[in-house]
Amino acid sequence: GGARAGHIEDIVVVEAARGLSLGRVIIEQLKALSVVAGCYKTILDCADKVVGFYGKLGFEVKGNFMAAYHDH
């Protein structure tokens, strides 16, 4: 229906700062910005090894991710 969706891409916390909840804070803030912007959902793609992390933050596994990359 032409509604807005927030898309989170390429969020990485430097190894030395991991364990400080920075990733959680960043993702929660981005989700909040998505709501403020009127998005009906916030989406992201992630590696299998971090599905649990994003699951704890309210994300659900949905479908498959596919991409076609183009040389520029």
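Residues numbered from 1 in each chain as written. Predicted model: local features only at pLDDT ≥ 70, side-chain atom pairs only at ≥ 80, totals over all residues. Heavy atoms only, no water.

A. Looking closely at the overall build of the protein. Within the protein, the regular secondary structure consists of 2 helices and 2 strands. When its helices and strands are written in sequence order, the protein yields β-α-β-α. Across its three principal axes, the protein shows a C-alpha extent of roughly 40 × 35 × 25 Å. Residues classed as buried in the protein amount to 18% of the 72 residues present. In the protein, 67% of the contacts between residues at least 6 apart in sequence involve partners at least 24 apart. (Helix = DSSP H or I, 4+ residues; strand = E, 2+ residues; numbered from the N terminus. Buried < 20%, exposed > 50% of the residue type's maximum accessible area, 1.4 Å probe, protein only. Contact = heavy atoms within 4.5 Å.)

B. Representation of a nonpolar patch on the surface within the structure. A contiguous nonpolar surface patch, about 260 Å² in accessible area, is contributed by Leu20, Leu22 and Ile26. Looking at where Ile26 falls in the secondary structure, it is placed in helix α1 (residues 22-36). (Patch = residues over 30% accessible without salt bridge, like charges linked within 9 Å, V, L, I, M, F, W, Y side chains within 5 Å. Areas by Shrake-Rupley, 256 points an atom, 1.4 Å probe, with all protein chains shown as cover. Salt bridge = Lys/Arg side-chain N within 4 Å of Asp/Glu carboxyl O.)

C. Structural context of the confidence of the model for the protein. In the predicted model, the protein carries a mean pLDDT of 94, and 100% of its residues have values of at least 70. Across the protein, element-level confidence peaks in α1 with a mean pLDDT of 97 and bottoms out in helix α2 (residues 51-56) with 95. (pLDDT = per-residue confidence, 0-100.)

D. How the structure looks around the nonpolar core. Counting 6 residues, the largest nonpolar core consists of Ile8, Ile27, Leu44, Tyr54, Leu57 and Phe59. If near-sequence neighbours (up to four positions away) are discounted, Leu57 is found in contact with Arg24, Ile27, Glu28 and Lys31. (Core = buried A, V, L, I, M, F, W, Y, C linked by side-chain atoms within 4.5 Å.)

E. Spatial organisation of the environment of Glu60. Assignment of secondary structure puts Glu60 in the segment after α2. Overall, the relative accessible area of 59% leaves Glu60 in the exposed class.

F. Quick peek at the pairing of strand β2 (residues 41-44). Side chains of β2 alternate between two faces, with Thr42 and Leu44 buried and Lys41 and Ile43 left unburied. Where strand β1 (residues 5-8) meets β2, 4 bridges bridge the pair, whose relative direction is parallel. Along β2, the bridge assignment pairs His7 with Ile43. Taken together, β1, α1 and β2 form a β-α-β motif whose crossover is right-handed. (Pairing = 2+ DSSP bridges. Right-handed = clockwise from strand over helix to strand, strands pointing away.)

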